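# A closer look at the structure
Listed below are the residues making up each chain.
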Amino acid sequence: MRFSSRLSLRRALVTSVVTAALLSFVAAPAGADPGFYEPPSPLPPGADGDVLKTLPSKFTGAKSTRVMYLSRDTANRAIPVTGTVLVPDKAWSGPGQRPIVAYAPFTAGMGDQCAPSKALAGEGGDFVSSFQSSFVSALLDKGFAVAQTDYQGLGTPGEHTYVVREAEAHAVLDVLRAAQRLPGAGLSAASPVGVAGYSEGGGASASAVELAPAYAPELDLKGAYVGAAPADKAVLAKSLDGGMYVGFLGYSLIGLNAAYPEAGILDLANDAGKQLFDEARTTCTLDAVFKYMYKNSSQLTKDGRPVSAYLDQEPFRGIVAANRVGTLKPAAPVLVEHTPNDDVIPSSVGKQLGKDWCAKGADVRFQDIPSFSPVFSHVLGITGAQGNAANWLSERFAGKPAAGNCGRF
C-alpha cells in the first residue's frame, strides 16, 4: 500500500472515530445560575486566593462548591478565576489534617461553556470532559480534598490563556488558597497540599510547583504529579502542525496572544487564519480536533510561513522562552510521566523537563505510562495517569521519601 493511501485510510479512521464520539455526546442543560461566572465590577480588593463568591455544585461522593477567587495574570494584574472545591464524604484516615490536591484540568477548550467546573457538575463541556471527572474521583477516593481551577478566561470573561506558564501557575496555586479559606469546608491554612495534572494540566502543575517558592511560599506543598506536560512550546509548534491535533496549536496562539497582546501574534494570520481563530475561541476539545485536523499553519499566515518559522525572531522568541517550563527548581518532589508513543506531545518533551529539573538538584522521578495503542495514546494515557497521581501523592502525604531516579532516564 502506498504511503498516501495509508495516510488517507488513517485519516478516514480517525474521522469516523471522532465523529462517533461527537455524536455519542448529548449536551447537558446549561447551568442553573449563569450569573455566577460574571465577576463583580470593579473587583474588590483582597489577597490572592480570596473567595469572591460561591455556588453549591454537585459531584457524587463529595460536597462540591463552585468558587470564584482572586488570582493574577501574566502581567501581575488581579483577575477573577472560577473553579470547584470538593471535599469527599469519607473521613480522612491519614496523618494530620486532610490534604488538598489542586487538580489542573487537561485541555477542555476555549469557549466559556467548556469550563471544567461546569463539566464536573454535568452542565457543559464535551465527551472528553468525562475524563476530568474520573481524575478527580481518583483523588477523592484517597480521601483528599480537591481544588480544581478553570484557569483564566474559562467561564469568566476574556480569553483563556491556554498553556501560559505564569497565568496557569497562579490559578492553580490560588485555588489551593481559596480551598483553605472556604468557610464550612473543614480545610485550613495548615492543610498540606499537592498538585496534579495531565496534558495542559501537566504543564500547569509543572509551572505551579516551580513557581510556588516565589508566588505561594506559605503553602505546605508535599509533591506534584506532572503528566504529559507541554513544557517546550517550540517543539510543539512543529510536532502539532499539520497533524490530527493542530487545533491545540491554534489554542496556544490564542492563549499567548491574550497574555501578550502587544506582540500582535494574531496579526500574522491571513483571512483564513483569522476565521479559524475566531471559530476556535468558541470550541471545546473534540470540536476543535474534528474541525481542524491536518491543517497546516503555513496556509493560515500572510506570508505562507509555518508558525514554527517565526519563533527565532523577537518578540516571539522571548515569549516562547518565558513560557518554557523547567527553568526553576521545583518546591517539592515531582513525579513526571509520559506515554512513550504520545501522539500529541512527544515524550521527549516530558523527559527533557525531568532532566532540566534534575540538573537543578530537584527531587524528580520520571517514568513511562504504558500505552496499548498508537492511536489516541495521549488521551488513553489519562487512565493510567490518574491512578498513578493519586497513589504517588498518597505516599507524599504519608511522609514516605520519594524515590527519585535522576541520571537514570
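This one's a predicted model, so the numbers in the text were calculated from it and none came from an experiment.

### A few points about the overall build of the chain
- Across its full length, the chain carries 12 helices and 9 strands.
- Against the 2.2 N^0.38 benchmark of 22 Å for 409 residues, the chain shows a C-alpha radius of gyration of 20 Å, consistent with a compact globule.
- With respect to the three principal axes, the spread of C-alpha positions in the chain is 60 × 50 × 45 Å.
- When burial is assessed residue by residue, the chain has 56% of its 409 residues classed as buried.

### Quick notes on the pattern of salt bridges
- Enumeration according to the criterion identifies 16 salt bridges in this entry.
- Members of the salt-bridge network, linked through shared partners, are Glu-159, Asp-278 and Arg-281.

### As for the state of the cysteines
- Applying the stated criterion across every chain yields a total of 2 disulfides.
- The residue that forms a disulfide with Cys-114 is Cys-284, at a sulfur-sulfur distance of 2.1 Å. For the disulfide bridge between Cys-114 and Cys-284, the dihedral angle about the S-S bond is near -100°, and by the sign convention the bridge is left-handed. In this pair, Cys-114 sits in the loop between β4 (100–104) and α2 (116–120) while Cys-284 sits in the loop between α8 (271–280) and α9 (285–292), placing the two residues 170 residues apart along the sequence.
- Residue Cys-114 is classed as buried on the basis of its relative accessible area of 1%.
- On the basis of relative accessible area, Cys-284 is assigned to the buried category, the value being 6%.
- Sulfur-sulfur distance for the disulfide between Cys-358 and Cys-406 comes to 1.9 Å. Given an S-S torsion of about -80°, the disulfide between Cys-358 and Cys-406 has left-handed geometry. With Cys-358 in helix α11 (residues 347–359) and Cys-406 in the segment after α12 (377–397), the pair connects residues that are 48 residues apart, well separated along the chain.

### Quick notes on the packing of aromatic side chains
- For the structure on display, the rule yields 9 aromatic pairs.
- Seen in terms of ring centroids, Phe-144 and Phe-397 are 5.1 Å apart; in terms of plane orientation they differ by 70°. Their pairing is edge-to-face. Here the residue Phe-144 occupies a position in the loop between α3 (130–140) and β5 (145–149), and Phe-397 occupies one in helix α12, the gap between them amounting to 253 residues. No difference in accessibility class separates Phe-144 from Phe-397, as the two residues are buried.
- Seen in terms of ring centroids, Tyr-245 and Phe-248 are 5.6 Å apart; in terms of plane orientation they differ by 25°. Their pairing is stacked.
- Judged by relative accessible area, which is 7%, Tyr-245 ranks as buried.
- Note on Phe-248: relative accessible area 8%, which makes it buried.
- Members of the aromatic cluster, joined through ring pairs, are Tyr-162, Tyr-245, Phe-248 and Tyr-251.
- Across from the ring centre of Tyr-310, 4.2 Å away, lies the NZ or CZ of Arg-305, which sits over that ring.
- In this structure, Arg-396 packs its charged tip against the face of Trp-392, placed 4.6 Å from the ring centre.

### Side note on helix α7 (residues 246–259)
- Taking 1.5 Å per residue as the helical rise, α7 with its 14 residues ought to reach 20 Å, and the 20 Å between its terminal C-alpha atoms agrees with that figure.
- Counting buried residues in α7 gives 13 out of 14 residues, a clear majority hidden from the surface.

### Let's talk about the pairing of β4
- Across the 5 residues of β4, 5 count as buried, placing the element largely inside the fold.
- In β4, alternate side chains face the same way, and those of Ile-100, Ala-102 and Ala-104 on one face and Val-101 and Tyr-103 on the other are all buried.
- Note that β4 and β5 share 4 bridges and pair parallel. By the bridge assignment, Ile-100 is partnered in β5 with Ala-145.
- As judged from the 5 bridges shared by β4 and strand β6 (residues 193–198), these two strands associate in the parallel manner. Considered in β6, the bridge of Val-101 is made with Gly-194.

### What about the environment of Ala-259?
- Tracing the sequence through the fold places Ala-259 in helix α7.
- A residue is classified by how much of its surface remains accessible, and Ala-259, at 14% relative accessible area, is buried.
- Look past the residues within four positions of Ala-259 in its chain and what remains in contact with it is Thr-74, Thr-161 and Val-164.

### What about the sheet that holds strand β2 (residues 62–72)?
- The sheet built from 9 strands is open, its strands ordered β1-β2-β3-β5-β4-β6-β7-β8-β9 with mixed pairing. Looking along the sheet, the strands with just one partner apiece sit at the ends: β1 (51–56) and β9 (364–368). Here the average twist between neighbouring strands, direction ignored, is 20°.
- Two elements, β2 and strand β3 (residues 78–88), share 11 bridges in a ladder whose sense is antiparallel. Counterpart to Arg-72 in the pairing with β3 is Ala-78.
- Across the sheet, α3 is in contact with β2, β3, β4, β5, β6 and β7 (221–227); its angle to β4 comes to roughly 165°.

### Some details on unusual backbone geometry
- Following Ser-41, the chain continues to Pro-42 via a peptide bond in cis, the omega torsion being 0°.
- Tracing the chain through its elements places Pro-42 in the loop between α1 (3–24) and β1.
- That bond from Glu-314 to Pro-315 is cis: its omega, 5°, falls within 30 degrees of zero.
- With a phi angle near 65°, Ser-199 is a residue other than glycine that sits in the positive phi range.
- For Ser-199, the position within the fold is in the loop between β6 and α5 (200–215).
- Not every positive phi belongs to a glycine, and Phe-376 is a case in point at roughly 60°.
- Residue position: Phe-376 is located in the loop between β9 and α12.
- The exposure class of Phe-376 is partly exposed, given its relative accessible area of 21%.

What counts and what doesn't
Counting restarts for each chain: residues are numbered from 1 in the order of the written sequence. It should be noted that, the model being predicted, local features are given only for residues of pLDDT at least 70 and side-chain atom pairs only at 80 or more, the latter also being counted only at that level, while totals for whole chains, interfaces and linings use all residues. Note: side-chain values were computed over all heavy atoms of the structure, leaving out hydrogens and water. Strands here mean DSSP runs of E at least two residues long; helices mean DSSP runs of H or I at least four residues long; both are numbered from the N terminus. In this treatment the radius of gyration is a C-alpha quantity, and the globule benchmark scales as 2.2 Å times the residue count to the 0.38 power. The buried label goes to any residue with under 20% of its type's maximum accessible area, the exposed label to any with over 50%, and the partly exposed label to all in between, with areas taken from a 1.4 Å probe on protein chains only. Salt bridges are defined by distance alone: a side-chain nitrogen of Lys or Arg within 4 Å of a carboxyl oxygen of Asp or Glu. What counts as a disulfide here is a pair of cysteine sulfur atoms lying within 2.5 Å. Here the aromatic set is Phe, Tyr and Trp, taking the six-membered ring for Trp, and pairing holds for ring centres within 6.5 Å; pairs whose planes are under 30 degrees apart are stacked, those over 60 apart are edge-to-face, and all others are tilted. Lysine and arginine charges are scored as sitting over a ring when NZ or CZ, respectively, is within 6 Å of the ring centre and within 35 degrees of the ring normal. Given the number of residues in a helix, its expected span is that number minus one, multiplied by 1.5 Å. Two strands are said to pair when DSSP picks up at least two bridges between them. Any two residues whose heavy atoms approach within 4.5 Å are treated as being in contact. For helices, the axis comes from a line fit to the C-alpha atoms of the stretch in contact; other axes are also lines fit to C-alpha atoms, and the angle between any two N-to-C directions lies between 0 and 180 degrees.

By themselves, these are just geometric observations and shouldn't be taken as functional.
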